[in-house]
Every structure is written in structure tokens, then in C-alpha cells.
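# A closer look at the structure
Take a look at the letters that make up each chain.
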Amino acid sequence: MSQSVKFSNVNTLFSKTLKQKINNYFQNSLQPKTGNHKIYLKAAILLISFAVLYLLLVFAPLHWSIALALCVIFGANLAAIGFNIMHDAGHNSFSDNKNLNTVLSYSLNLLGGNIYFWKLKHNIAHHTYTNIDGEDHDIEVKFMRIHHDQKLRKHHRYQRFYFPLLYGISYLAWIFYQDYEKYFRGRMGHKTEQFHFPVKERIIFWVSKLIHFSLFVIVPIIFVGWLPTLIGLLISGTVCGMSLATVFQLAHVVEETEFKTIDQSKVEEEWMIHQIQSTANFATGSKVLTWLLGGLNFQVEHHLFPKISHVHYPALNRIVKQTCKEYKIQYNEFRSFWTAFRSHLKVLEALSK
């Protein structure tokens, strides 16, 4: 990954003030910045749900209509594990126990992904260079134009119509194709530098891919047949992919967020202000959505403080908003999911021309 892009380190009073306020909050409330009993309970519920749903779908004699409904729920459960367990653990914010974070972060491998690749792509590239073309690989979506610096192609004129298909297959494409592409290419993106890939991680890659393929393909084929397995995999994978992709897009690819063109590898703003400008919240008043999404509807707070668990985001939200108001910095937040979704559609249409 390129280290050439630099953020301004002049007059960083906003960052210093915000960091001090957040530190004061945790000192006064006597809470750790990592997760608490709420996140442990949620993790237990989601993991038990995963096991029960898997056992029912593979080993129980279900009517096809019930099986289809459970596949939908199973797909949502996969996404929820990613949002709530893997994501916090991958940022080392799930627990103050580093070993527990490491173990739970490998839940991504269980679901077919690779946590080593994810940390390079998400923790480093996306969280550092958010919405900067060529640096943030999360805005490199095949057949989509998400940044104005990306080349406009003929098929982009239809992206507002075909995006549901791409979002739906994104999870299956990720675990069955893109991970292997990164492995053999040795790069996160086509134009990025080669990354270091230790032998230990190469072994983990192949072992975990084999375990996942066995659990999600081989075992189901043995017990329910290849056609039900294929249908179930497509349904659950589509629901999971649509959930993951939509949450990311509503947090970054909406009208209010900025997509900067970087001249001379220099960002004029300090890093924290850049994060606020390139990120948006949505539906923060919905407790149900906040629970399911692991607080990722509070995306601004997550980008500013990725090492703080999502259970604290509602409290941090008030502090960040107030500080932005003091320093006259625009804070991007949509009141509802659908308002954000409509804004995302407008961006796709604008970038298709």
C-alpha cells in the first residue's frame, strides 16, 4: 500500500480537543474503551444462532418453504456476525484481551473470508485513505463508478439499475474469487504495491478455506444434495452480500460525503476532519438497526475511533457532534436508512454520466 499520501499536521486543534473530550468521557464514566457485557451477550446469541440455523438447514427434514426462509435468516446472521463480532475483534476493540480479539477475528475465516487480507484492505487502506481513489480499495468495485476520478465507461450509465445484482453477489465473489485473486496477485489492488504475506498466514489461508468449503459446500451436498445446497448458498450469500455492501455504501457513497482528488499527494485537512468529510451516519435513532449492524450506522464515530467498541458509539456521537459544531465542521448524518439509501442512488446516477 502506498504511503505517499499525507494529511495536514498544521493547526490540529480540532483533533486534540476531540481526543481530549473522548478520553475525559471514559475517565469520568470509569468504562474501558473495549466491549462490555452487552457485546459478549450479543456474540453468544449470534454464534448460537449460526450453529442452530446450520444444523437445521443441513440435518433437519424441513419443508422447502421453511428451508428457504431459514436461508434468508442465515444470510442475515452471517452479516451480523461480521458486523458485531469480527469487525470489533478485527479492530482489537471487542475485548481488552488481545488473544480473544485474535480468536474472534478469525470468525471471518470461518465465514469464508481471510482476516489477514481484511486488515490490510480495511483497517489500513480504507480507514486511513477513506474515499481517496487508488488508496481506498473499498471503493474499487468492479463494473461500478463510485469516485469521480474513476474512468467513465459505457456500462456505468446503467449502474443505478444493476447495482443490486453486484451488491448481492459481492460476498460470494469475495470468498470464492477475490481472496484467491489477491493471494496469487500479491496485491490488494491492481495498482498497489505487493504486500508481505507470511508463511503462517498462507497456511491459515488454505486450511480455513478448506474448512469453509467443507462446511458450506461438501457437507450440505452429502446430506441434502447439490441443488438444495446451491440454492441455499445463493440465497444466504446474496442476503449477506447485500447487507454488507449496502451498509458500507450508505456510510461513504452518499451526496454529503466528499471524494477528494489528491494533488501532489497532499490532503489539505487533518486526518480526523478528512474522516468526517468522507463519512456519514444513518438511522442512529434505531436501536434495532444499531444492534444488528454492530453500531456501523454510527460510521463517523467508528472512523474517528476504530479502536473503541461499537457499544460506546451512541455516547460518542453526542460528543463528536458538539465538537464539530464548536469548530464549524459539517457533520453528515441521515435520520433514516431510506433517506441515506435515496442519497446513495442519486450518487450512482450522477457518476453514471
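Structure's up top.
Residues numbered from 1 in each chain as written. Predicted model: local features only at pLDDT ≥ 70, side-chain atom pairs only at ≥ 80, totals over all residues. Heavy atoms only, no water.

### Notes on the side chain of asparagine 114
Checked against the element boundaries, asparagine 114 lands in the loop between helix H5 (107-110) and helix H6 (115-128). Judged by its relative accessible area of 1%, asparagine 114 falls in the buried class. Here phenylalanine 117 takes part through its backbone nitrogen, which lies 2.9 Å from a polar atom of the side chain of asparagine 114. Among all residues touching asparagine 114, those that are not within four sequence positions of it are Leu108, Asn109, Asp179 and Phe205. (Helix = DSSP H or I, 4+ residues; strand = E, 2+ residues; numbered from the N terminus. Buried < 20%, exposed > 50% of the residue type's maximum accessible area, 1.4 Å probe, protein only. Polar contact = N/O pair within 3.5 Å; in protein donor to acceptor, adjacent residues only side chain to side chain. Contact = heavy atoms within 4.5 Å.)

### Focus: the packing of helix H3 (residues 64-90) against H6
Contact geometry for H3 and H6: axes closest at 11 Å, N-to-C directions at 75 degrees. Taken together, the axes of H3 and H6 lie roughly perpendicular to each other. Contacts between H3 and H6 involve Met86, His87 and Gly90 on the former and, on the latter, Ile115, Trp118, Lys119, His122 and Asn123. Looking at the contact of H3 with H6, its residues break down into three nonpolar, four polar and one charged. (Axes fitted to C-alpha atoms, helices over the stretch in contact; angles between N-to-C directions. Parallel < 35°, antiparallel > 145°, perpendicular 65-115°, else oblique. Nonpolar A, V, L, I, M, F, W, Y, C, P; charged D, E, K, R; others polar.)

### Digging into a nonpolar patch on the surface
Together, Leu55, Phe59, Phe176, Phe213, Ile218, Ile222, Phe223 and Val224 make up a nonpolar patch on the protein surface, roughly 730 Å² of accessible area in all. Contributing elements (two or more residues each) for the nonpolar patch: helix H2 (37-59) and helix H8 (199-224). Sort the elements by how many residues they give to the nonpolar patch and H8 lands first, with five residues. Relative to the assigned elements, leucine 55 resides in helix H2. Judged by its relative accessible area of 47%, leucine 55 falls in the partly exposed class. (Patch = residues over 30% accessible without salt bridge, like charges linked within 9 Å, V, L, I, M, F, W, Y side chains within 5 Å. Areas by Shrake-Rupley, 256 points an atom, 1.4 Å probe, with all protein chains shown as cover. Salt bridge = Lys/Arg side-chain N within 4 Å of Asp/Glu carboxyl O.)

### Regarding unusual backbone geometry
Despite not being glycine, leucine 30 has its phi angle at roughly 55 degrees, a positive value. For leucine 30, the position within the fold is in the loop between helix H1 (13-29) and H2. Among the residues examined, leucine 30 registers a relative accessible area of 77% and is labelled exposed.

### Describing H6
Buried within H6 are the following residues: Ile115, Tyr116, Phe117, Trp118, His122, Ala125, His126 and His127. The distance from a side-chain oxygen at the start of H6 to the backbone nitrogen of tyrosine 116 is 3.1 Å, and the residue carrying that oxygen is asparagine 114.

### Things to note about the packing of helix H9 (residues 226-252) against helix H14 (residues 337-350)
Between H9 and H14, the shortest axis-to-axis distance is 9 Å and the interhelical angle comes to 80 degrees. Between H9 and H14, the crossing angle belongs to the class labelled roughly perpendicular. Taking contact as the criterion, the partners of Thr246, Gln249 and Leu250 in H9 are, on H14, Phe337, Ala340, Phe341 and His344. Split by residue class, the contact of H9 with H14 holds four nonpolar, three polar and no charged.

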